[in-house]
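Okay, here's what each chain looks like letter by letter:
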Amino acid sequence: MVGTGEPRSPVLVGRDDLLALADRRLAEVSDGRGHLLLIAGEAGIGKSRLLDSIGRSARLRSFGLLRAAAFPGDAEATGGLLLDLASDLRQCGDQRLARAGAALSERVREFATVGGDAHRQRRLLVHDLTETLAGLDEGQRTLVVFEDLHWADQLSLEVVAHLASRLAGHTMLVAAAYRSDELFADVPMRKWRARLLTQRLAEEVRLPRLTMAQTATMTSAVLGRAAPGEIVAAIHARSDGIPLHIEELLAAVGDPSPAPASAAVGDPSSVPVPDTLADAVLARARALDQAGRAVAGAAAVIGRSFDFELLTAVSQDSPERVDHALRRLQDVYLVERGTDPLSFDFRHALIRDVLYADIPLPVRRRLHERVATVADERGDRAAFVSLHFDQAGLAEPAYRNALAAARASAALSAHREALELYRRAQRNLPADLAPAEHAALLTAIGTEAAATDDNLAAIEAFEEAHRLLTATGDQIEAAAVVARLVPVAHLLGEDLASRARRLGLALDSIAGREGADPVRAALLGALAAAYMLDRQLEEAIRYGERSRELSEAIGDQSASLNTSATLGSVLTFAGRTEEGWTLLERTVDRAVERHEESEAARTYRMLGSAASVLVEYDRAEPWLGRGIDYAERVEMWNDRHYMAAHLAHVRWASGHWDEAERMSEHALADGGGITTRITAWHVLGYVAMGRGDWPRAERLLGEALAEGERMAELQRLSPAVWGLAEAALLRGDHGLAIALCDRGYGASARVGDAAYLFPFLLTGLRARLAAGELDDAGRWFAEVSTALSARAIPGTLPALDHGRGLLELAAGDLAAARDSLQSAVDRWRELRRFWEGTWALLDRARCASKARRLAEAAVLAREAADLAEPVGAEPILAEAERLRGGAGGAGGDRSAEPRHPLTAREFEVAGLIAFGLTNREIATRLVLSPKTIGAHVEHILTKLGAGRRAEIAAWVATRPESDDRHGDRRVRD
């Protein structure tokens, strides 16, 4: 007999710890500390039941309660979750909240103004919506519940994320549930969740499946009495401990009795329980009369949630009969009332899915057609209408509505939603569609695909659009597509020659054509950018100046700003530094003044990163700081993370390695693009190299090199090659260091680069000198110094004095070497370049030692060690100690010092270890990172031949007291 009673358990089983956590968060909200609580679990696990229980607890504490849910299809309907919340607000009975709901709905539904900066329009929309939500707790503690967040669109998720960042000062708890088993790679919520958890703007709890004992408790609660063991075993085996499945299986069983005596003991398969959730739901649905089944089918076609009027129209039955059927569906607990008297929901999306799948395809299509027709007539959202026309197999109206919805999403920079809608339009192309209109659709698909990093789909769409437009003779539009296509081709690895050929052919195709100037300016700008990325600077300047001149002549300010940023960056790398910096700074000011947020963020990015690379750290730090602040305000996150990675590079280069490490790790965790990741890997690799952690350095720089090779860009590839070359030199692998330096030189020489070349001069020179190849060292210096002198970029020129001093030192010309090396020391220090500058000090010390000025050598080596110790620069420290020992130190044989063979910093750390402090406690006392302390401990163990911290402590106990031994005195103080 099929059960018809309510299957819901009257108690929440196995969730006591989660309810206790929610109660703690509600108490904290009462004290003015808001939270975002994410509730994760697979379908049917009881997320909604937990939210209901949290809601009851909140009401007992006099909280206001607001609810909203996302539904299948919302991911392509901008603001769906927010519109559902607006509906709840309008019906809550509070006039203030009703007004907020009306404002929220109106703002979401506003059609964006075409033109202008679409990103800025979207950002302002997000800001306005967040302000509305943040004001909901005015005068009352509030619980906001969001269900099925895995279906939410990106706009809604952005608003919730912004709200999360402001909850700390509000009396609001936001509890949001989602399916953990549906966070696929392309689901908008996947990165959203990771970002919030990483930034500690949310906490997450996961609902586990019920155990056998918990299943027994729930079964007894549903039945109102203890259940037979055979039934519990069968229910647990077939439900896998998922509460919804348990309830549905029990509803299908009805009033279970113990298994017959003939049944095998412990064999759940012998008990009359349906095999699956689908079997259980269909068994109950088929017990309905024909009218009830028809209404249930129509409702399932509409979706998880539906309203009475639409259901009546789709059912084509009288309101009275539909009402009767709905009551019956509620009686058997398939359907429940929604947020207002005329709306309804299936009890769970899985129940709706089962009923939908049971409808024959021809019937399903007819129902979808009715839904689409009625929804279209009453003015429902175009995305919803297009979905049902699509599923009905009606191409023309599906195409028309999908296109309208896609354009509205694109106008708000809702790229993922727009792409899915454009693709729906493409699936439903009318047979008589004009080629030009088809090409426009393909161009739109390419644009949105590129914006979502689906570059293969983007280039496929652009190339087909170009083919169609060329065939129709519309050369201007075809050329415009090429300007969009080429940046995508670059990301896919197409070489410069191929990209330049595409752009050149496009320019030729519109030569002399009236009205082609905007496209011509875009193509010239694309050529400038292409040559810039390949570091062919003269060509980039030539095309950039032509593009800027044409853009300004026709009044295209956006194009002028874009090209000016490209041109300014190129000028700095070409050695026309002051001209380039001035142009970049003016371009930033113009873009900010005109509210061209995308162009302003891009220019900040190019200005700051260029200064970072060109050893202009006094310029880089303020501009990167301003750029990061600006990008955060306007929410250009890719630009923000890239600038943060470059600021980390500046901190490494200027000798603040703990900061550099922390900032790089944050940039990686924040989820920047591939260029951000490469830059962060460079910095982390340099820190590891500088500390003598060769495996970590090689791994990080190797990853960066692999990506740089794939992108075939000097700026991505060369820094990794130099880091690997320097690591090889420090390890004593001079042959590998020379080979890598040759590779770096070849890559720079091909395009006349100096910016990425200058570090190779010293690394290649040291490697050749260490290998005893003095003549080759001279040749190397002559070739590389010529290239550096040709560009004359100020930040690279100290390498010339430094390299000349190394050659003079190797040749025994100590007086000349002293002057050259001192000049290098002074100029590196002026530029704040820590790595080469500290090595220059050691080179001066070597020069003094060779001249038998031992006291001077000891002082210089001590100065270098003092700089290296705070950052844990082990190779520098080791060389400083060697030079101090060779110079007799400040007081003779260093081996007689109490701390020998440790450095002063290592001896300090050893003393703190002896006192019993952990690495983290030592890091706190010495104001260093735990990673730096860990590296020191490894070096101490190696130098002492020890295997455990206890052996370090024992060694410290044998040392006589000295001025250097102050570790344990720090603790006592």
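Conventions used here
- Residues numbered from 1 in each chain as written.
- Predicted model: local features only at pLDDT ≥ 70, side-chain atom pairs only at ≥ 80, totals over all residues.
- Heavy atoms only, no water.
- Helix = DSSP H or I, 4+ residues; strand = E, 2+ residues; numbered from the N terminus.
- Buried < 20%, exposed > 50% of the residue type's maximum accessible area, 1.4 Å probe, protein only.
- Contact = heavy atoms within 4.5 Å.
- Areas by Shrake-Rupley, 256 points an atom, 1.4 Å probe, with all protein chains shown as cover.
- Lys, Arg positive; Asp, Glu negative; His and termini not counted.
- Charge placed at Lys NZ, Arg CZ, Asp CG, Glu CD.
- Polar contact = N/O pair within 3.5 Å; in protein donor to acceptor, adjacent residues only side chain to side chain.
- Salt bridge = Lys/Arg side-chain N within 4 Å of Asp/Glu carboxyl O.
- Axes fitted to C-alpha atoms, helices over the stretch in contact; angles between N-to-C directions.
- Parallel < 35°, antiparallel > 145°, perpendicular 65-115°, else oblique.
- Nonpolar A, V, L, I, M, F, W, Y, C, P; charged D, E, K, R; others polar.
- Pairing = 2+ DSSP bridges.
- Core = buried A, V, L, I, M, F, W, Y, C linked by side-chain atoms within 4.5 Å.
- Left-handed = near helix turned anticlockwise from the far one by under 90°.
- pLDDT = per-residue confidence, 0-100.
- 1 Å grid on protein atoms, 1.4 Å probe; cavity = no way out; pocket = protein on both sides within 12 Å on 5 of 7 lines; lining within 4 Å.
- Points joined across faces, edges and corners; volume = space filled by probe spheres on them.

Colleague: Got a minute to help me understand the overall build of the protein chain in this structure?
Modeller: Each helix and strand in the protein chain was counted, giving 47 helices and 8 strands. The C-alpha extent of the protein chain, read off along each of the three principal axes, is 105 × 85 × 55 Å. Among the 973 residues that make up the protein chain, the fraction classed as buried is 56%. The long-range share in the protein chain, meaning contacts at least 24 apart out of those at least 6 apart in sequence, stands at 68%. Put simply, the protein chain shows about 38700 Å² of open surface, and 51% of that area lies on carbon and sulfur atoms. Looking at the protein chain, you have 117 positive and 140 negative side-chain charges, and the mean spots of the two groups are 2 Å apart.

Colleague: Even after reading the chapter, I still don't get helix α15 (residues 349-357), so can you show me in this structure?
Modeller: Residue pairs spaced three or four apart in an α-helix point in one direction, given the helix's 3.6 residues per turn. In terms of burial, α15 is a largely internal element, 7 of the 9 residues being buried. Inspection of α15 places A349, L350, I351, R352, V354, L355 and Y356 among the buried residues, and these make up the whole buried set.

Colleague: Quick question: what am I supposed to make of the environment of S547 here?
Modeller: Tracing the sequence through the fold places S547 in helix α25 (residues 537-553). For S547 and A280, which are 267 residues apart along the polypeptide, the C-alpha to C-alpha distance reads 68 Å. Each residue touching S547, except ones within four places of it in the same chain, is listed here: A521, L524, G525 and T563. Here G525 takes part through its backbone nitrogen, which lies 3.3 Å from a polar atom of the side chain of S547.

Colleague: Is there a simple way to think about the pattern of salt bridges in this case?
Modeller: Within this structure, the stated rule accounts for 69 salt bridges. Among the salt bridges present, the one from R193 reaches E204, with a minimum N-O distance of 2.6 Å. Highlighted residues: R193 in helix α7 (residues 189-198) and E204 in strand β5 (residues 203-206), separated in sequence by 11 residues. Its salt-bridge partner being E863, residue R829 comes within 2.9 Å of it at the nearest N-O pair.

Colleague: Sorry if this is basic, but what is going on with the packing of helix α6 (residues 154-164) against α7 here?
Modeller: If you want to describe how two helices pack, look at the angle between their axes and the distance between the axes. α7 packs onto α6 with a crossing angle of 5° between their chain directions and a minimal axis gap of 11 Å. The angle between the axes of α6 and α7 places the two elements in the roughly parallel class. Contacts from L157, E158, V160, A161 and A164 in α6 reach M189, W192, R195 and L196 in α7. Here the contact of α6 with α7 is built from residues that sort into 7 nonpolar, no polar and 2 charged.

Colleague: Is there a simple way to think about α6 in this case?
Modeller: Of all 11 residues in α6, 8 are buried; the element is thus mostly enclosed. Among all positions of α6, only L155, S156, L157, V159, V160, A161, L163 and A164 are buried.

Colleague: What exactly am I supposed to notice about the sheet that holds strand β6 (residues 305-307) here?
Modeller: Where strands meet in a sheet, backbone hydrogen bonds hold them as pairs that are either parallel or antiparallel. Sheet architecture is open: 3 strands sit in the order β6-β8-β7, paired in antiparallel fashion. The open sheet is flanked by β6 and β7 (335-337), the only strands paired with a single partner. Taking the axes of each pair of neighbouring strands and ignoring which way they run, one obtains an average angle of 30° across the sheet.

Colleague: Please explain the side chain of H939 as it appears in this structure.
Modeller: With respect to the helices and strands, H939 occurs in helix α45 (residues 930-944). Not counting chain neighbours up to four residues away, the residues in contact with H939 comprise R691, E874 and E906.

Colleague: It is not clear to me how the nonpolar core should be interpreted in this structure. Could you clarify?
Modeller: Nonpolar side chains in soluble globular proteins tend to be buried together. Formed by 136 residues in total, the largest nonpolar core has its most connected members in L523, F573, W652, W657, L788, W835 and I876. The element best represented in this core is helix α24 (residues 517-533), accounting for 11 residues. Core analysis: the next-biggest nonpolar cluster, separate from the first, contains 47 residues, L82, L85, V159 and L196 among them.

Colleague: What am I meant to see in the environment of I246 here?
Modeller: With respect to the helices, strands and loops of the structure, I246 is situated in helix α10 (residues 243-253). Between the C-alpha atom of I246 and that of S547, which follows or precedes it by 301 residues, the distance is 68 Å. Among residues more than four places away in sequence, those in contact with I246 are L210, T215, M218, T219, I235, S239 and G241.

Colleague: What is the right way to read the packing of helix α20 (residues 435-451) against helix α21 (residues 455-472) from this model?
Modeller: Here α20 crosses α21 at 160°, and the two axes come no closer than 8 Å. Relative to α21, α20 is oriented roughly antiparallel. α21 is crossed by α20, and the crossing has left-handed handedness. Counting all contacts with α20, which are made through P435, H438, A439, L442, T443, I445, G446, T447, A449 and A450, the residues of α21 involved are N455, A457, A458, A461, F462, E464, A465, L468, L469 and T472. In terms of residue class, the contact of α20 with α21 is made up of 13 nonpolar, 6 polar and 1 charged.

Colleague: Honestly, unusual backbone geometry in this entry has me stumped. Any pointers?
Modeller: For residues other than glycine, phi is negative in most cases, and the peptide bonds are mostly trans. For D148, which is not glycine, the phi torsion reads 55° and is therefore positive. One can find D148 in the loop between β3 (142-147) and α6. The backbone of V615 sits at a positive phi, close to 60°, despite the residue not being glycine. Of note, V615 is situated in the loop between α28 (597-613) and α29 (617-634). By relative accessible area, which is 1% here, V615 ends up buried.

Colleague: I tried to follow the sheet that holds strand β2 (residues 64-69) on my own but got confused; where do I start?
Modeller: On the basis of which strands lie adjacent, the open sheet formed by 5 strands has the order β2-β3-β4-β1-β5 and parallel pairing. Edge positions in the sheet fall to β2 and β5, since each of these pairs with one other strand and no more. The sheet shows a mean angle of 20° between the axes of neighbouring strands, direction not considered. Pairing between strand β1 (residues 35-41) and strand β4 (residues 172-179): 7 bridges, direction parallel. Residue L36 lies in a different strand from β4, and its bridge partner there is V174. In this fold helix α1 (residues 16-30) packs onto β1, β4 and β5, with an angle of close to 160° to the strand it touches most, β5.

Colleague: Quick question: what am I supposed to make of the confidence of the model for the protein chain here?
Modeller: Confidence along the protein chain averages 87 in pLDDT terms, with 92% of residues attaining 70 or more. In the predicted structure, residues 259-267 sits below a pLDDT of 50 and forms 4 contacts with residues beyond four places in sequence or in another chain. Contacts from residues 962-973, a stretch scored under 50 in pLDDT, to residues over four places away or in other chains number 23 contacts.

Colleague: Even after reading the chapter, I still don't get empty space enclosed by the protein, so can you show me in this structure?
Modeller: Using a probe with the size of a water molecule, rolled over the atoms, empty space left in the structure can be pinpointed. Following the criterion strictly, the structure yields 1 cavity of 30 Å³ or more and no others. For the largest cavity, the full set of lining residues is W722, E726, L729, P759, L762, T763, R766, H802, W835, E836 and W839. Listed by contribution, the elements that provide at least two residues to the lining of the largest cavity are α34 (714-731), α36 (758-770) and α40 (834-850). Sort the elements by how many residues they give to the lining of the largest cavity and α36 lands first, with 4 residues. Looking at the lining of the largest cavity, its residues break down into 6 nonpolar, 2 polar and 3 charged.

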